[in-house]
Amino acid sequence: MTARITSGSFPHTSSSRAKAADAIGTAHQWTANEPDVLAERVAHDVKLLWPHLTGSERS
């Protein structure tokens, strides 16, 4: 099983946001054999990466 989060593309220059050859994007992927393990991995990392979206408290 695999879960993946991908951002939109952002151009390297101040040109249009269209998919240009110099566009930059990000992605993160998780894998696990069990759905519960996969969900736990994704939830853990999403809380660390985007705490303002998940409501988790900063330590």
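Residues numbered from 1 in each chain as written. Predicted model: local features only at pLDDT ≥ 70, side-chain atom pairs only at ≥ 80, totals over all residues. Heavy atoms only, no water.

Draft legend 1. Structural detail: the overall build of the protein chain. In terms of helices and strands, the protein chain carries 2 helices and 2 strands. In the protein chain, the succession of helices and strands from N to C terminus is β-β-α-α. Per-residue burial over the protein chain gives 14% buried out of 59 residues. Restricting the contact set of the protein chain to residue pairs at least 6 apart, pairs at least 24 apart contribute 37%. For the protein chain, the accessible area works out to roughly 5000 Å², and carbon and sulfur atoms hold 53% of it. (Helix = DSSP H or I, 4+ residues; strand = E, 2+ residues; numbered from the N terminus. Buried < 20%, exposed > 50% of the residue type's maximum accessible area, 1.4 Å probe, protein only. Contact = heavy atoms within 4.5 Å. Areas by Shrake-Rupley, 256 points an atom, 1.4 Å probe, with all protein chains shown as cover.)

Draft legend 2. Structural context of the environment of Leu 38. Here Leu 38 shows up in helix H1 (residues 35–49). Those residues in contact with Leu 38 that sit more than four places away from it in its chain are Met 1, Thr 2, Ala 3, Trp 30, Thr 31 and Ala 32.

Draft legend 3. Representation of the nonpolar core in the model. In this structure, Ala 3, Trp 30, Ala 32, Leu 38, Val 42 and Val 46 together form the largest nonpolar core, which totals 6 residues. Per element, the largest residue contribution to this core is 3 residues, and it comes from H1. Residues contacting Ala 3, with those up to four places away along its chain left out, are His 28, Gln 29, Trp 30, Leu 38 and Val 42. (Core = buried A, V, L, I, M, F, W, Y, C linked by side-chain atoms within 4.5 Å.)

Draft legend 4. Main features of a nonpolar patch on the surface. Together, Ile 5, Leu 49, Trp 50 and Leu 53 give the surface a local cluster of nonpolar side chains, amounting to about 370 Å² of exposed area. Mapped onto the secondary structure, Leu 49 falls in helix H1. (Patch = residues over 30% accessible without salt bridge, like charges linked within 9 Å, V, L, I, M, F, W, Y side chains within 5 Å. Salt bridge = Lys/Arg side-chain N within 4 Å of Asp/Glu carboxyl O.)

Draft legend 5. Spatial organisation of the confidence of the model for the protein chain. Overall, the prediction assigns the protein chain a mean pLDDT of 78, with 66% of residues at 70 or greater. Per-element confidence in the protein chain ranges from a low mean pLDDT of 76 for helix H2 (residues 51–54) to a high of 92 for H1. (pLDDT = per-residue confidence, 0-100.)

Draft legend 6. Fine view of H1. A rise of 1.5 Å per residue sets the reference length of H1, with its 15 residues, at 21 Å; its end C-alpha atoms lie 21 Å apart and thus fit the reference within 8%. If you check which residues of H1 are buried, you get Leu 38, Val 42 and Val 46. One face of H1 carries all of its buried residues, which in axial projection span an arc of 55°. Of the exposed residues in H1, the ones pointing more than 90 degrees away from its buried face are Asp 36, Glu 40 and Leu 48. (Expected span 1.5 Å × (residues − 1). Arc of directions from axis to C-beta.)

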